[in-house]
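Here is what each chain is made of, one letter per residue.
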Amino acid sequence: MAAESLTTEQAKQVSTLPRKAGRLQLAKYLKWNMDNFDEEIDMQKSIILDFYYDNLLFAVKTGFPWNEVCTVFDLARDVHSESIGLPLPEAIKLYKNKAVQLSQMNENNLKTFTSYFFLTFMQHYKLYQCVSSQEREPMISLCQLHVYPPVEPMPFKDGKEHIVWNYEQKLQELESKEKERKEGIMKKKQDLVSAEQLLTLEVPFREVETDEALDREKLSKLIDEAATAHISLAQKNLETRLQEKHENLEFLFEKTALPRPAVLGAPPRIKSPTKSSAKSRQSTRGGTKTAQSDRTGGSKSRAQSKASVRGKTPKS
């Protein structure tokens with residue numbers, strides 16, 4: 001820390017800045033190396049900079065002329081730097097010797113600054129000695145921490161009650177599981193279709209060699225094997241469909257059993273049978289009635305024909 005004199009223009013600029021910026025500007029004028037300066041790590045430099053800045057600001061706020069502001073600043077800085085390692089009486093003697101040399105300074109202003117200096121620096125002299133005479137070991141662990149800001153909340157009017165939000169989350173979870181289940185069933189169906197196509201192409205010709213005559217026993221064996229394979233695939237296909245129906249019903253039951261908040265109203269009803277199904281039932285009923293009438297008409301015609309035959313038969 002080289003001892004650099006402070007000009008009146010520099011003192012004016014430092015005094016007009018906020019405290020944090022003014023302290024850094026003062027250090028720049030004193031030609032301190034402030035690269036990578038950290039208030040928490042560089043405690044010694046930070047405390048000494050506070051001491052210099054406070055003495056400068058005291059003279060400015062008290063109304064000292066700008067030349068006297070620079071004078072008392074140099075006085076405070078010289079006494080601090082030259083008293084390191086000296087006992088308190090020696091430090092007081094040092095201050096007195098330097099103050100006597102300031103004959104050009106206003107006596108009242110010098111007395112005012114002396115009172116301030118003894119109430120601050122001299123009163124805490126041992127503390128300043130401790131800070132200025134030995135470096136403080138850094139006791140701060142440096143680590144990088146990624147801070148993620150919270151998600152911007154939705155407008156209040158679009159908010160939901162907590163019970164509704166919980167219900168929708170549980171419902172969404174059920175629907176996600178249902179989607180995964182359907183994808184699994186679909187894949188199983190596709191595998192069965194592929195296996196059936198492969199079986200159709202492979203089984204009839206698996207054990208048949210070229211230019212080999214098929215006897216009745218071998219042909220029967222191939223037919224039995226093909227039938228067994230097709231029946232096994234049909235059984236697996238049927239099991240897959242039954243599993244799909246069972247899981248559909250189970251999902252529907254879980255979805256229905258989920259407690260629905262009253263604010264959402266009544267749950268949607270299950271879809272009724274389609275119109276095509278109703279029409280097919282009606283057409284079936286109509287076809288049954290037609291068949292019954294045809295049977296009735298046919299029986300009547302047969303009875304009439306019998307009666308006519310009886311009427312034409314000659315008497316014996």
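By convention here, each chain's residues receive numbers from 1 onward along its written sequence. The predicted nature of this model means local features are confined to residues of pLDDT at least 70 and side-chain atom pairs, given and counted, to a pLDDT of 80 or more, with totals for whole chains, interfaces and linings taken over all residues. Water and hydrogen atoms play no part in the side-chain values, which are based on all heavy atoms of the structure.

The next thing to look at is helix H7 (residues 125–133). When we look at burial in H7, the residues that qualify are Tyr-125, Tyr-128, Gln-129, Val-131 and Ser-132. Throughout, a residue-residue contact means that at least one pair of heavy atoms, one from each residue, lies within 4.5 Å. Numbering of helices and strands runs from the N terminus, with a helix taken as a DSSP run of H or I at least four residues long and a strand as a DSSP run of E at least two residues long. On its buried face, H7 is in contact with helix H3 (43–62), helix H4 (66–82), helix H5 (88–100) and helix H6 (107–122). Three labels apply to residues, based on accessible area from a 1.4 Å probe with only protein chains included: buried if under 20% of the type maximum, exposed if over 50%, partly exposed otherwise in between.

Attention shifts here to the packing of aromatic side chains. Pairing of aromatic rings covers Phe, Tyr and Trp, the last counted by its six-membered ring, and requires centre-to-centre distances within 6.5 Å; plane angles under 30 degrees mean stacked, over 60 mean edge-to-face, and any other angle means tilted. Going through the model one piece at a time under the given rule, you end up with 15 aromatic pairs. Consider the rings of Phe-58 and Phe-113, whose centres lie 6.5 Å apart with planes at 45 degrees: the pair is tilted. Taken together, the positions of Phe-58 in helix H3 and Phe-113 in helix H6 put the pair 55 residues apart, joining distant regions of the chain. The exposure class of Phe-113 is buried, given its relative accessible area of 0%.

We define a salt bridge as a side-chain nitrogen of Lys or Arg found within 4 Å of a carboxyl oxygen belonging to Asp or Glu. Counted according to the given criterion, the structure contains 11 salt bridges. A salt bridge links Arg-19 to Asp-50, with the shortest nitrogen-to-oxygen separation between them at 3.4 Å. In this pair, Arg-19 is assigned in helix H2 (residues 19–29) and Asp-50 in helix H3, connecting sequence segments 31 residues apart. Assessed through its relative accessible area of 23%, Asp-50 is described here as partly exposed. Close ionic contact of Glu-178 with Lys-182 constitutes a salt bridge, the shortest N to O distance being 3.8 Å. A residue pair is termed a helical-turn pair when its members lie 3 or 4 positions apart in one helix, as Glu-178 and Lys-182 do in helix H8 (residues 162–202) at four residues. Given the relative accessible area of 8%, Glu-178 is considered buried. Each of Arg-19, Arg-23, Asp-50 and Asp-54 takes part in salt bridges that share partners, so that together they form one network.

In this section: H3. Between its first and last C-alpha atoms H3 spans 28 Å; for 20 residues at 1.5 Å apiece the expected length is 28 Å, and the two agree. All of the buried residues along H3 are Gln-44, Ser-46, Ile-48, Leu-49, Phe-51, Tyr-52, Tyr-53, Asn-55, Leu-56, Leu-57 and Ala-59. Looking one or two places after H3, you find Gly-63, whose phi comes out positive at around 100 degrees. Here a helix's expected span is defined as the number of its residues, less one, multiplied by 1.5 Å.

On to the packing of H2 against H3, then. The interhelical angle for the contact between H2 and H3, taken along N-to-C directions, is 100 degrees, at an axis separation of 10 Å. Classified by the interaxial angle, the pair formed by H2 and H3 is roughly perpendicular. When H2 is examined against H3, the residues Arg-19, Gly-22, Arg-23, Leu-26 and Ala-27 are found in contact with a partner set consisting of Ser-46, Leu-49, Asp-50, Tyr-52, Tyr-53, Asp-54 and Leu-56. For the contact of H2 with H3, the per-class residue count stands at six nonpolar, two polar and four charged. Each axis is a line fitted through C-alpha atoms, and for a helix only the stretch in contact is used; angles between axes span 0 to 180 degrees, taken between their N-to-C directions. In what follows, roughly perpendicular refers to angles from 65 to 115 degrees, roughly parallel to angles under 35, roughly antiparallel to angles over 145, and oblique to any angle outside these ranges. Here the term charged refers only to Asp, Glu, Lys and Arg, the term nonpolar to Ala, Val, Leu, Ile, Met, Phe, Trp, Tyr, Cys and Pro, and the term polar to all other amino acids, Gly among them.

Next up on the list: the confidence of the model for the protein. Confidence scores per residue from the predictor, reported as pLDDT, run from 0 to 100. Residues of the protein with pLDDT of at least 70 account for 77%, and the chain-wide mean is 77. Least confident of the elements in the protein is helix H10 (residues 275–312), whose mean pLDDT is 47; most confident is H6, at 93. Scored below 50 in pLDDT, residues 272–280 makes zero contacts in the model with residues more than four places away or belonging to other chains. A low-confidence stretch, residues 305–316 stays under pLDDT 50, and its non-local contacts, those more than four residues away or across chains, total zero contacts.

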